[in-house]
Amino acid sequence: MNAARKAGRWLSGPIPVSVVLALLIGACFMIIAGVDPVSGYVAMLRGSFGTGSGLANTLQRAVPIIGIGIAIAIAFRAGVLNLGTEGQAGLGALTGGIVAVYVPGPAILIVPLAFVVAIATGAAWGLISALLQNLLGVPILLSTLLLNYPARYFSSWLIRFQLNDPSTDLVATQQLRPEVQLGMLVPKDSAFADTLRSTFGPTSPITAVLTGVNWSIIVLIIVIAAAVFVNRRTRFGFESGLSGQNAEFVRYGGVKPGPLVTRTMALSGGLAGLFGVMLIIGAPSTRLIEGYFVQTNYAFTALLVTLLALYRPIGTAIAGLFFAAIMVGSDAMGRELGLSPQIAAVIQALVIVLLAFRVALPRMRRRGANGANGAAGRGPIGEPPLTEHALAEPHAPVPGAPQHAPTATGADTKESDR
């Protein structure tokens, strides 16, 4: 009964209701466009999960979205508003891709070296914002957002004018060597792939996923497990989670905010760089193309995924898979019914807008009720800022700290504004 009651409360919560409302509003757009919404959503579901190739495309599309979403979630959970993952992932893809394309040597050395360089580049680009805030007081929200632009245009300039391969019509670098490329889980021309085709069929989900998804999905699974472990079992995860909930309480407990911001931005930027380079050197990609990472819009989609998941790793994985399915399914819907695939962007935006409204509405009502009580002679009740911890598992008490710490609502307001 308790499990059923919890499931019922979750289904009536803001996330499921927001998703259902977004799909209903999307259905209205389909009707306006002259398409039966039931047929549209059936085509979307069949295109994303109903076939082996659709499932493989959904998983492949979800990997960078979830990975960059984890990078954003790590920062947001600590109250650090990192909006610069586009630049961090883009520069990580650039430097790691250059190593993979131009540095000679065996693949067993080049691929790890490309990963290390990409992680270091993303972390360094994230540290710039941390240093600007710690030393000069520049808000990370502003600096990370603006640093996306020099990263984007420097990458474009370098590929177009310094690394451009004249043998192709694309504005791109030379091709990766096949042995350096992150291949599929099972190579399509291998004997094992032939066994899978003969056993399960060439279009079965098992065959399609194993021969159509590259090894970056294994790295993603490891990163998700590591993020869960760090959040639940390490001092950094405990301190960062508390900082996102109440920064003043963390200072009261003796944690210095400057080093915490520095570590958080380095970790967040490094993860963004890692998934940026895997997008470039993972099959079926074969070279660095000017503007490719920006055109995918993965960083913005990952931000929406993080907000929907309330900064939790498992939730980020589920939300990223949901958004990837919408993107892949909308492409299939466009092919079958002639409907613009932009309906995917509409549904994604509606989910976040409705989620924000559903979360904010009860708080506004309570605030109005508190104001009325105050006018009647009773003081308003202070309400802590809503974070993931309001919906997540409660933290254990801080060792050596008082059990009832001051709320410091003014400090919380400043932290949330920043």
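Residues numbered from 1 in each chain as written. Predicted model: local features only at pLDDT ≥ 70, side-chain atom pairs only at ≥ 80, totals over all residues. Heavy atoms only, no water.

A look at the overall build of the chain
What counts here: Helix and strand definitions follow DSSP, with helices as H or I runs of at least four residues and strands as E runs of at least two, each counted in order from the N terminus. Contacts were defined at the residue level, with two residues in contact if any of their heavy atoms lie within 4.5 Å. Surface accessibility in these figures is a Shrake-Rupley result with a 1.4 Å probe; residues are shielded only by whichever protein chains are displayed.
Scanning the chain from N- to C-terminus turns up 18 helices and zero strands. Partitioning the contacts of the chain with sequence separation of at least 6, the portion at a separation of at least 24 is 76%. Looking at the chain as shown, the accessible area adds up to about 20,600 Å², and 67% of this sits on carbon and sulfur atoms.

Considerations on the confidence of the model for the chain
Test applied: Confidence of the predictor in every single residue is expressed as pLDDT, which spans 0 to 100.
Mean pLDDT over the chain: 85, with 86% of residues reaching 70 or higher. Ranking the elements of the chain by mean pLDDT puts helix H18 (residues 409-417) last with 42 and helix H6 (residues 107-136) first with 97. Here residues 376-418 scores under 50 on pLDDT; set against residues more than four positions off or in separate chains, the count is 53 contacts.

Structural notes on helix H2 (residues 14-32)
This is how it is decided: Given the number of residues in a helix, its expected span is that number minus one, multiplied by 1.5 Å. Exposed residues in this analysis have more than 50% of their type's maximum accessible area, buried residues have under 20%, and partly exposed residues fall in between, with area computed by a 1.4 Å probe over protein chains only.
End to end, H2 covers 27 Å across 19 residues, agreeing with the expected 27 Å (1.5 Å per residue, within 8%). Every buried residue of H2 is accounted for by Ile-15, Pro-16, Ser-18, Val-19, Ala-22, Gly-26, Ala-27 and Met-30.

A few points about the environment of Pro-178
Along the chain, Pro-178 falls in the loop between helix H7 (140-162) and helix H8 (191-200). Separated by 71 residues in the primary sequence, Pro-178 and Ala-107 have C-alpha atoms spaced 9.3 Å apart.

A word on helix H10 (residues 216-233)
The condition that has to hold: What the arc covers is the set of directions going from the helix axis to the C-beta atoms.
In a regular helix each residue adds 1.5 Å, so 18 residues correspond to 26 Å; H10 covers 25 Å between its end C-alpha atoms and thus fits that length. What H10 keeps buried is the set Ser-216, Ile-217, Leu-220, Val-223, Ile-224, Ala-227, Val-228 and Asn-231. Buried residues of H10 fall within an arc of 135 degrees about the axis and therefore sit on the same side. Summarising the geometry of H10, the exposed residues directed more than 90 degrees from the buried face are Ile-221, Ile-222 and Arg-233. Contact partners of the buried residues in H10: helix H4 (52-77), helix H11 (235-245), helix H13 (257-281) and helix H16 (313-337).

Considerations on the packing of helix H5 (residues 85-102) against H7
Packed helices, taken two at a time, are described by the angle their axes make and the gap between the axes. Applied cut-off: To obtain an axis, a line is fitted to C-alpha atoms, over the contacting stretch when the element is a helix, and the angle between two such axes runs from 0 to 180 degrees between their N-to-C directions. What sets the label is the angle itself: under 35 degrees gives roughly parallel, over 145 gives roughly antiparallel, 65 to 115 gives roughly perpendicular, and the rest give oblique. For any helix crossing, the convention is left-handed if the near helix is rotated counterclockwise from the far helix by under a right angle, and right-handed if that rotation is clockwise.
Packing of H5 against H7 leaves a shortest axis separation of 7 Å and a crossing angle of 25 degrees. Our classification of the angle between H5 and H7 gives roughly parallel. Crossing hand, H5 versus H7: left-handed. In contact with Thr-85, Glu-86, Gly-87, Gly-90, Leu-91, Leu-94 and Ile-98 of H5, H7 contributes Asn-148, Ala-151, Arg-152, Phe-154, Ser-155, Leu-158 and Ile-159.

So, a nonpolar patch on the surface
This is how it is decided: Nonpolar side chains (Val, Leu, Ile, Met, Phe, Trp, Tyr) within 5 Å and like charges within 9 Å form the patches, drawn only from residues with over 30% relative accessible area and no salt bridge. For this analysis, a salt bridge means a side-chain nitrogen from Lys or Arg found within 4 Å of a carboxyl oxygen belonging to Asp or Glu.
A contiguous nonpolar surface patch, about 420 Å² in accessible area, is contributed by Leu-142, Leu-146, Tyr-149 and Tyr-153. Along the chain, Tyr-153 falls in helix H7.

With respect to the packing of aromatic side chains
Heads up, the rule is: Geometry of aromatic contacts follows a simple scheme: Phe, Tyr and Trp rings, the Trp one being its six-membered ring, pair when their centres are within 6.5 Å, and the pair is stacked under 30 degrees between planes, edge-to-face over 60, tilted otherwise. Only Lys NZ and Arg CZ are tested; either one counts as a charge over a ring when it is within 6 Å of the ring centre and within 35 degrees of the ring normal.
Inspection of every chain in the model, using the stated rule, returns three aromatic pairs. On the numbers, 5.7 Å between centres and 75 degrees between planes, the contact of Phe-76 with Tyr-311 is edge-to-face. With a gap of 235 residues between them, Phe-76 in helix H4 and Tyr-311 in the loop between helix H15 (298-309) and H16 connect regions that are remote in the sequence. The same class applies to Phe-76 as to Tyr-311, namely buried. Sitting over the face of the ring of Tyr-153, Arg-152 holds its NZ or CZ atom 6.0 Å from the ring centroid.

Describing the packing of H4 against H15
The line we're drawing: We call Asp, Glu, Lys and Arg charged. Ala, Val, Leu, Ile, Met, Phe, Trp, Tyr, Cys and Pro are nonpolar, and the rest, Gly among them, are polar.
Their axes nearest at 8 Å, the elements H4 and H15 cross at an angle of 60 degrees. When the axes of H4 and H15 are compared, the pair comes out oblique. Where H4 crosses over H15, the handedness of that crossing is right-handed. Between H4 and H15, the contacting residues are Arg-61, Pro-64, Ile-65, Ile-68, Gly-69, Ile-72, Ala-73 and Phe-76 on the first element and Tyr-298, Ala-299, Thr-301, Ala-302, Leu-303, Val-305, Thr-306 and Leu-307 on the second. Its residues assigned to classes, the contact of H4 with H15 comprises twelve nonpolar, three polar and one charged.

Some words on unusual backbone geometry
A cis amide bond links Ala-283 to the next residue, Pro-284, at an omega of 10 degrees. The residue Pro-284 is located in the loop between H13 and helix H14 (292-296) in this model. If you check the backbone angles, Asn-297 has positive phi at about 60 degrees while not being a glycine. Backbone geometry places Leu-310, a non-glycine residue, at a positive phi of 55 degrees. Note on placement: Leu-310 falls in the loop between H15 and H16.

As for the nonpolar core
Spelled out, the test is: Buried residues of nine kinds, namely Ala, Val, Leu, Ile, Met, Phe, Trp, Tyr and Cys, make up a nonpolar core once their side-chain atoms join them within 4.5 Å.
Membership of the largest hydrophobic core comes to 92 residues, with the highest contact counts inside it found for Ile-68, Ile-70, Phe-115, Phe-275, Ile-281 and Leu-308. Considering every element that reaches this core, the biggest residue donor is H4, with 14 residues.

Observations regarding the side chain of Ser-18
Here is the rule we go by: Here a polar contact is recorded for every N or O atom pair within 3.5 Å, except that within protein the pair must consist of a potential hydrogen donor and a potential acceptor, and residues adjacent in sequence are included only if both atoms are side-chain atoms.
Relative to the helices and strands, Ser-18 resides in helix H2. For Ser-18, a relative accessible area of 0% gives the class buried. Looking at Ser-18, its side chain comes within polar contact range of the main-chain oxygen of Leu-354, at 3.5 Å.

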